[in-house]
Amino acid sequence: MDIKEVIVVEGKSDTIAIKRATGADTIETNGSAVSQEALTKIRHAQDTRGVIVFTDPDYPGRRIRAIIEQQIPEVKHAFLTRDRAIAKNGKKVGIEHATDEDIRTALQAVYTVDTTIIEETPRELLIEARLIGHPEAKKRRDRLSELLKIGHVNGKGLQKRLTMFRISETVLMQALLKIDEEEQEW
């Protein structure tokens, strides 16, 4: 499935299940206390690619949906019934327990086919820009993440995050110029 939207899930296990079933990009809320940073990333994803909220069919999942929908009402929603999301032992409920087919079926009704061809930011550019492999890299990445509203990211995940949010080389270079200007003032 070539899903244009970013899928919002609760945690890492859900991300693994979504990746396995569809290959789609995800944002994790890390539980029902949705942070302001997570909401900022979700808003940015909605503005650039669209968002599908796909949380567990339980109270915390409904709470997450409500928080996100209150802040970003234009998001789409995908749903699994409880019986499709129950663990083999019958005790836990969650997206991570669903079959790949059930995940694809739930998303089928709401996703948009992604026809965009994305060029990944070259790693060499990130090294040249002192965003990875440099003593100041963390500080520069933190500021870049703030400017581009892509959330805190380490060196290993920067390239993927830039691709996920469809940050063009031009936009990246503009942000880097701003960071360079700010550094001269320090």
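Keep in mind the model is a prediction, meaning the values are calculated, not measured.

1. Some remarks on the overall build of the chain
A tally of regular secondary structure across the chain gives eight helices and four strands. For the chain, the α and β elements follow one another from N to C terminus as β-α-β-α-β-α-β-α-α-α-α-α. Taken against the 2.2 N^0.38 rule, which gives 16 Å for 186 residues, the C-alpha radius of gyration of the chain at 18 Å falls within 12% of a compact globule. Counting only C-alpha atoms and orienting by the principal axes, one finds that the chain spans roughly 60 × 30 × 30 Å. Taken across its 186 residues, the chain has 49% of its residues classed as buried. Contacts in the chain between residues at least 24 apart in sequence constitute 66% of all its contacts with a sequence separation of at least 6. Of the roughly 10200 Å² of accessible surface on the chain, a fraction of 49% belongs to carbon and sulfur atoms. Between the averaged position of the 30 positive side-chain charges in the chain and that of its 31 negative side-chain charges there is a distance of 5 Å.

2. Some remarks on the sheet that holds strand β3 (residues 51–53)
Read across the sheet, four strands follow the order β2-β1-β3-β4 without closing on themselves; strand pairing throughout is parallel. Of all the strands in the sheet, just β2 (26–28) and β4 (76–77) have a single pairing partner and so form its edges. Here β3 runs beside β4; their pairing, made up of two bridges, is parallel. Bridge pairing links Val53 to His77 in β4.

3. Focus: the side chain of Ser145
The residue Ser145 is located in helix α6 (residues 137–148) in this model. Looking at Ser145, its side chain comes within polar contact range of the main-chain oxygen of Gly151, at 3.2 Å. Non-local contacts of Ser145, meaning those with residues more than four positions away in its chain, are made with Ile150, Gly151, His152 and Val153.

4. Considering unusual backbone geometry
One non-glycine residue, Asn30, lies in positive phi territory at about 60°. Mapping Asn30 onto the fold places it in the loop between β2 and α2 (36–48). A positive phi angle, near 55°, is found at Arg166, a position not held by glycine. For Arg166, the location among the structural elements is in the loop between α7 (155–164) and α8 (169–185).

Definitions and cut-offs
- Residues numbered from 1 in each chain as written.
- Predicted model: local features only at pLDDT ≥ 70, side-chain atom pairs only at ≥ 80, totals over all residues.
- Heavy atoms only, no water.
- Helix = DSSP H or I, 4+ residues; strand = E, 2+ residues; numbered from the N terminus.
- Rg over C-alpha atoms; globule rule 2.2 N^0.38 Å.
- Buried < 20%, exposed > 50% of the residue type's maximum accessible area, 1.4 Å probe, protein only.
- Contact = heavy atoms within 4.5 Å.
- Areas by Shrake-Rupley, 256 points an atom, 1.4 Å probe, with all protein chains shown as cover.
- Lys, Arg positive; Asp, Glu negative; His and termini not counted.
- Charge placed at Lys NZ, Arg CZ, Asp CG, Glu CD.
- Pairing = 2+ DSSP bridges.
- Polar contact = N/O pair within 3.5 Å; in protein donor to acceptor, adjacent residues only side chain to side chain.

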